[in-house]
Amino acid sequence: MFAVVRTGGKQYRVAAGDKIVIEKIEGDAGASVTLGDVLLAGEGSELRSVEGFVVSAEIIAQAKADKVIVFKKRRRHNYRRKNGHRQQHTILKIVSVGGQTAQANSARNEGDTAPAAQA
């Protein structure tokens, strides 16, 4: 089973056991995190409803990307600026795809008991 999740303004296609590098999120190594913004889910070529769908992941590490050098120069004006940047990111291991959120479970349970109470 796979899912497409959105985090940090980007979309990632994930399956159980995958490792992904995303924009930095809070948490220490070994902590569990749930990605609730699921855009698409399916198995093979068959798609499924994403209502209450969550992706569970484990934080492997908080790290920095490779350094990017920003060099600005204007010729004949003696203007040179050198700057470096290292983006913070989080490495995740996807544990499971397809769990249910607590809100979806409670809404489903309320929906099941409401008609029985009226009858």
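Structure report, in brief. This structure is a prediction, so every number in the text was calculated from the model and none was measured. (Residues numbered from 1 in each chain as written. Predicted model: local features only at pLDDT ≥ 70, side-chain atom pairs only at ≥ 80, totals over all residues. Heavy atoms only, no water.)

**Details of the overall build of the chain**
Next, step 1: Counting its regular elements, the chain contains one helix and ten strands.
Next, step 2: Along the chain, from the amino end to the carboxyl end, the secondary structure elements read β-β-β-β-β-β-β-β-β-β-α.
Next, step 3: Across the chain, every contact between residues at least 6 apart in sequence was considered, and the portion connecting residues at least 24 apart equals 65%. (Helix = DSSP H or I, 4+ residues; strand = E, 2+ residues; numbered from the N terminus. Contact = heavy atoms within 4.5 Å.)

**Digging into the packing of aromatic side chains**
Next, step 1: For the coordinates displayed, the defined rule picks out zero aromatic pairs.
Next, step 2: Looking at arginine 13, its charged tip hangs above the ring of phenylalanine 2, at a distance of 4.3 Å from the centre.
Next, step 3: Directly above the aromatic system of tyrosine 79 lies the positively charged group of arginine 74, at a separation of 4.8 Å from the ring centroid. (Phe/Tyr/Trp six-rings, centres within 6.5 Å; stacked < 30°, edge-to-face > 60°. Lys NZ or Arg CZ within 6 Å of the ring centre and 35° of its normal.)

**With respect to the nonpolar core**
Next, step 1: The biggest cluster of nonpolar side chains holds 18 residues, and the ones touching the most others in it are Ala3, Val5, Val14, Ile20, Val55, Leu92 and Ile94.
Next, step 2: Secondary-structure elements contributing two or more residues to this core are β1 (2-7), β2 (10-15), β3 (19-23), β4 (32-35), β5 (38-43), β7 (53-64) and β10 (88-100).
Next, step 3: Tallying contributions element by element places β7 first for this core, with four residues.
Next, step 4: Residue contacts for isoleucine 20: discarding those within four places in its chain leaves Tyr12, Val14, Thr90, Ile91, Leu92 and Ile94. (Core = buried A, V, L, I, M, F, W, Y, C linked by side-chain atoms within 4.5 Å. Buried < 20%, exposed > 50% of the residue type's maximum accessible area, 1.4 Å probe, protein only.)

**Quick notes on a nonpolar patch on the surface**
Next, step 1: Residues Leu39, Leu40 and Leu47 make up a contiguous nonpolar surface patch of about 250 Å² in total accessible area.
Next, step 2: Position of leucine 39 relative to the elements: it lies in strand β5.
Next, step 3: Judged by its relative accessible area of 33%, leucine 39 is partly exposed. (Patch = residues over 30% accessible without salt bridge, like charges linked within 9 Å, V, L, I, M, F, W, Y side chains within 5 Å. Areas by Shrake-Rupley, 256 points an atom, 1.4 Å probe, with all protein chains shown as cover. Salt bridge = Lys/Arg side-chain N within 4 Å of Asp/Glu carboxyl O.)

**Points about a positive patch on the surface**
Next, step 1: Among the surface-exposed residues, Lys64, Lys67, Lys82 and Arg86 lie close enough to one another that they form a single positively charged patch.
Next, step 2: Positionally, arginine 86 belongs in the loop between β9 (79-85) and β10.
Next, step 3: Of the residues examined, arginine 86 reaches a relative accessible area of 40% and is grouped as partly exposed. (Lys, Arg positive; Asp, Glu negative; His and termini not counted. Charge placed at Lys NZ, Arg CZ, Asp CG, Glu CD.)

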